[in-house]
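Here's the letter readout for the chains.
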Amino acid sequence: MSDFTIYGAGVMGLCVATELMARGASVRLIDPAQSGGAACSWWAGGMLAPFCEFESAEEPVLRHGQAAMDWWQQHTAVTRAGTLVLALGRDRGELARFARRTHGAVAVNGPDIAALEPDLAGRFDQALFFGAEAHLNPRPALAALRAGLQAKGAQFGGDAQGQMIDCRGLAARDVLPDLRGVRGEMLVLRQPEIALARPVRLLHPRVPIYLVPRGDGVFMLGATMIESDRRGVVTARSVLELLSAAYALHPAFGEAEILETGADARPAFPDNLPRIGRVGDRLYANGLYRHGYLLAPAVAQQLADHITNGSRPEFWHETDDQR
Amino acid sequence: MPVFYGTEVASPLMLGTAGYPSPAILAEAFALSGAGIATVSLRREAGHGLGGGQDFLRLVEGLGVRLLPNTAGCHTAREAITTAQMARELLGTDWIKLEVIGATDLLAPDVFALVEAAGELSAQGFKVFPYCTEDLSVCERLLRAGCEVLMPWGAPIGSGLGLAHPQGLRALRAGFAEVPLVVDAGIGLPSHAAAAMEMGFDAVLLNTAVAKAGDPAQMARAMALALEAGRAAHRADPIEPRQMAVPSTPVIGKAFLA
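Residues numbered from 1 in each chain as written. Chains lettered and ligands numbered in written order. Predicted model: local features only at pLDDT ≥ 70, side-chain atom pairs only at ≥ 80, totals over all residues. Heavy atoms only, no water.

1. Some thoughts on the overall build of chain B
Helices and strands together make up the secondary structure of chain B, namely nine helices and ten strands. Relative to a compact globule of 258 residues, whose C-alpha radius of gyration would be 18 Å, chain B shows 20 Å and is just as compact. Principal axes of the C-alpha set define a box for chain B whose edges measure 80 × 40 × 35 Å. Counting every position in chain B, which comprises 258 residues, the buried fraction comes to 51%. Put simply, of all contacts in chain B between residues at least 6 apart along the chain, 65% involve residues at least 24 apart. Accessible surface, chain B: about 11,700 Å² in total, of which carbon and sulfur atoms supply 56%. (Helix = DSSP H or I, 4+ residues; strand = E, 2+ residues; numbered from the N terminus. Rg over C-alpha atoms; globule rule 2.2 N^0.38 Å. Buried < 20%, exposed > 50% of the residue type's maximum accessible area, 1.4 Å probe, protein only. Contact = heavy atoms within 4.5 Å. Areas by Shrake-Rupley, 256 points an atom, 1.4 Å probe, with all protein chains shown as cover.)

Next comes the structure, spelled out in structure tokens:
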């Protein structure tokens, strides 16, 4: 007999299950998908970059994002090496604006860049360094949560029992009509000739493009932001834009192997902030937008606290008929 | 207030819907801007050719202002015509902001393809709002092609440079006194928008200056105020500049020592 049944085993559902079990509850997870690729968190970059994200994100992202680094470190490998922010050619003026709208940016020069990332030596003469940021590898992180849950006796699949908790992401649109999809596309490249110690962001007037090192010469290159709920295949244009950025960062990426392409739709509410609430007899947590790994721990903790001691979550959302 | 194709709109501000931090901020910016028209790109935002952009269209329709779909990102007349037809079907409007890009670096209009597409779309019953340069002969050809409004650029799209060629814009205003004129693109600051209105332009179309400001809603409000100031100033018939000082209080008859 489980106390809780969680629908959806992406980053949201796994974090909620982890937090509930830490409070002594028994948990069952139900997800129709057999492989991780059905959750958009499978395709994520895994940057824990609350300071950079603050450029366009609301304040809670900055606040909870910092605690998220410690949370993830308890469950999976987290690399705390900061983020390097670069601008190409004519977009150089964007660096000043980005520094103004973020927190904790340190302006660095050519020799600093060479010291941080030797493979980029001589290619850029100014950049911003956010030393307090981190990154993780999403797929092992999800697998670690899953393994931790299994070790503690969580059930996967089977029949729903107890309180239902909806963590289905965009699939929950049938009960959360405010939810929309924001499409993101990514590639996984292998170029063993280049080593990066940390995520590198390229400022761009339209799309923030980033490369996250995954080790062994493998890089995740992302991500587009398109107001569309279309999932699945990537478009030629998006691949062209992403690869052009990587090539401009270092021409050796022109010779990289493309290991994978992927696209999915991020679940988002109108203010791009998550919500915790109740519809009918089920609780839900949803709307992580592009901040799945940054916000899922805080949302999960708030939901678990609400369940165990009745506290009102910061992200609580009441519909008009519940007020 | 400006009248386009026989329809009066509520405000001289035409505001774009792309690139805001969130739909909630987009809605707040529109509320504070009082914009009469929202432009919307059918090509990328709606995942053109992919399906799946319905959420965003529904959101933009929810703003409660008249929609002006555009053909942003089209590089040929054929592409622009197809996008316009799709927009008419999806949004149920025959208004179309026609954008055909020539030089990619400047996102400058390809005026030849523009005139060609404007002619064909007008013949198909569209009410075309052409994004053009301030060239008088190009504008003349657009009018002949069936356009009843002209939208010359202030400066390249998204550049925020303001009115790069004010004399050309003044010449256009003087040359087409009866045609509704809109400065489209290049606005960075409220003062740029006010300057266009002071010249006698009927409206201003902008997007990036608001969407990419640190506080989009406050910038939207600032733009609305500037447009109102510029419009009132134009109607108030400004004084002519002159080289010598003119005292605002007459000195004749007063006791003064020279």
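Now that the structure has been shown, we can carry on.
2. Overview of unusual backbone geometry
Put simply, Gly 222 of chain A and Ala 223 of chain A share a cis peptide bond, and its omega is -20 degrees. When you line up the elements, Ala 223 of chain A lands in the loop between β14 (218-222) and α7 (236-249). Residues other than glycine seldom take positive phi values, yet Asn 272 of chain A does so here, at roughly 60 degrees. On the secondary structure map, Asn 272 of chain A appears in the loop between β15 (257-268) and β16 (275-279). Asn 272 of chain A gets classed as buried once you look at its relative accessible area, which sits at 6%. The backbone of Asp 237 of chain B shows a phi angle near 60 degrees, a positive value even though the residue is not glycine. Note on placement: Asp 237 of chain B falls in the segment after α9 (216-235).

3. Notes on the pairing of β14 of chain A
Residue and element names in this part refer to chain A. Most of β14 sits inside the fold, with five of its five residues counted as buried. Pairing of strand β11 (residues 180-190) with β14 involves five bridges; the strand directions are antiparallel. Residue Val 188 lies in a different strand from β14, and its bridge partner there is Met 220. When strand β13 (residues 209-215) meets β14, the two strands line up antiparallel, connected through five bridges. Counted as the bridge partner of Leu 211 is Leu 221 from β14. Following β13, the chain reverses through two residues before pairing antiparallel with β14; Asp 216 in that reversal takes a positive phi of roughly 55 degrees. (Pairing = 2+ DSSP bridges.)

4. Considerations on the sheet that holds strand β7 (residues 126-130) of chain A
Residue and element names in this part refer to chain A. Read across the open sheet, the eight strands follow the order β6-β7-β5-β12-β13-β14-β11-β15; overall the sheet is mixed. Looking along the sheet, the strands with just one partner apiece sit at the ends: β6 (106-109) and β15. Between one strand axis and the next, the sheet turns through 25 degrees on average, direction left out of account. Where α7 meets the sheet, its contacts fall on β5 (83-87), β11, β12 (200-203), β13, β14 and β15, and the angle it forms with β11 comes to roughly 45 degrees. (Axes fitted to C-alpha atoms, helices over the stretch in contact; angles between N-to-C directions.)

5. Section: the domain arrangement of chain A
Accessible area lost when the parts come together is the quantity often used to give the size of an interface. All names here are of chain A. Domains assigned within chain A are domain 1 (3-70 + 136-179 + 270-322) and domain 2 (83-131 + 180-268). Measuring from the centre of the C-alpha atoms in domain 1 to the corresponding centre in domain 2 gives 27 Å. Buried surface at the junction of domain 1 and domain 2, both sides included, amounts to about 2,600 Å², of which 59% is carbon and sulfur. Per-residue buried area on domain 1 facing domain 2 is highest for Trp 43, Met 47 and Glu 55; these three make up 25% of the total on that side. Where domain 1 touches domain 2, the interface holds four salt bridges. At the level of secondary structure, the elements contributing two or more residues to the side of domain 1 that touches domain 2 comprise α2 (50-53) and α6 (138-151). Across the side of domain 1 that touches domain 2, the residue classes tally to 17 nonpolar, seven polar and six charged. (Domains from an automatic or database assignment. Buried area = accessible area lost by both parts, 1.4 Å probe. Salt bridge = Lys/Arg side-chain N within 4 Å of Asp/Glu carboxyl O. Nonpolar A, V, L, I, M, F, W, Y, C, P; charged D, E, K, R; others polar.)

6. Notes on the packing of helix α3 (residues 77-91) of chain B against helix α4 (residues 111-123) of chain B
Residue and element names in this part refer to chain B. Close contact between α3 and α4 brings their axes to 9 Å; oriented N to C, the two are set at 35 degrees. For the element pair α3 and α4, the recorded crossing hand is right-handed. Counting all contacts with α3, which are made through Ala 77, Arg 78, Ile 81 and Ala 84, the residues of α4 involved are Ala 113, Glu 116, Ala 117, Glu 120 and Leu 121. A class-by-class count of the residues in the contact of α3 with α4 yields six nonpolar, no polar and three charged. (Left-handed = near helix turned anticlockwise from the far one by under 90°.)

7. Details of the layout of surface pockets
Residues and elements named next belong to chain A. A volume near 910 Å³ is recorded for the second largest pocket. Secondary-structure elements contributing two or more residues to the lining of the second largest pocket are α1 (11-22), β11, β15, β17 (282-286) and α8 (292-309). Here the lining of the second largest pocket is built from residues that sort into 27 nonpolar, twelve polar and ten charged. Two domains each donate at least three residues to the lining of the second largest pocket, and these are domain 1 (3-70 + 136-179 + 270-322) and domain 2 (83-131 + 180-268). (1 Å grid on protein atoms, 1.4 Å probe; cavity = no way out; pocket = protein on both sides within 12 Å on 5 of 7 lines; lining within 4 Å. Points joined across faces, edges and corners; volume = space filled by probe spheres on them.)

8. Details of the environment of Ala 304 of chain A
All names here are of chain A. Within the element layout of this structure, Ala 304 appears in helix α8. Sequence separation of Ala 304 and Met 47 is 257 residues, and the distance between their C-alpha atoms is 25 Å. Setting aside chain neighbours within four positions, we find Ala 304 in contact with Glu 19, Leu 20 and Arg 23.

9. Brief notes about α8 of chain A
Residues and elements named next belong to chain A. For α8, spanning 18 residues, the distance from its first C-alpha to its last is 25 Å, which sits close to the expected 26 Å at 1.5 Å a residue. A large share of α8 lies buried, amounting to 13 of its 18 residues. Immediately beyond the C-terminal end of α8, within one or two residues, lies Gly 310, with a positive phi of roughly 75 degrees. (Expected span 1.5 Å × (residues − 1).)

10. Comments concerning the packing of helix α3 (residues 59-73) of chain A against α8 of chain A
Residues and elements named next belong to chain A. Direction vectors running N to C along α3 and α8 enclose 90 degrees, while the axes themselves pass 7 Å from each other. With respect to each other, α3 and α8 are oriented roughly perpendicular. Each of Pro 60, Val 61, His 64, Gly 65, Ala 68, Trp 71 and Trp 72 in α3 lies in contact with α8, whose residues at this interface are Tyr 293, Leu 294, Leu 295, Pro 297, Ala 298, Gln 301 and Gln 302. Looking at side-chain class alone, the contact of α3 with α8 contains ten nonpolar, four polar and no charged residues. (Parallel < 35°, antiparallel > 145°, perpendicular 65-115°, else oblique.)

11. Let's talk about the sheet that holds strand β8 (residues 134-136) of chain A
Residue and element names in this part refer to chain A. Read across the sheet, three strands follow the order β3-β8-β4 without closing on themselves; strand pairing throughout is antiparallel. The sheet is open, and its two borders are formed by β3 (47-48) and β4 (78-79), each paired with just one other strand. Pairing geometry for β3 and β8, over two bridges, is antiparallel. Following the sheet pairing, Leu 48 is matched in β8 by Ala 134.

12. A closer look at the state of the cysteines
Linking two cysteines covalently through their sulfur atoms gives a disulfide. Following the criterion strictly, the structure yields zero disulfides over all chains and no others. Between Cys 40 of chain A, a cysteine without a disulfide, and Cys 167 of chain A, which holds the nearest cysteine sulfur, the sulfur-to-sulfur distance is 13 Å. Exposure remark for Cys 40 of chain A: the relative accessible area of 27% places this residue in the partly exposed category. Cys 132 of chain B supplies the cysteine sulfur nearest to Cys 147 of chain B, a cysteine that is in no disulfide, at a spacing of 8.2 Å. For Cys 147 of chain B, a relative accessible area of 4% puts it in the buried group. (Disulfide = S-S within 2.5 Å.)

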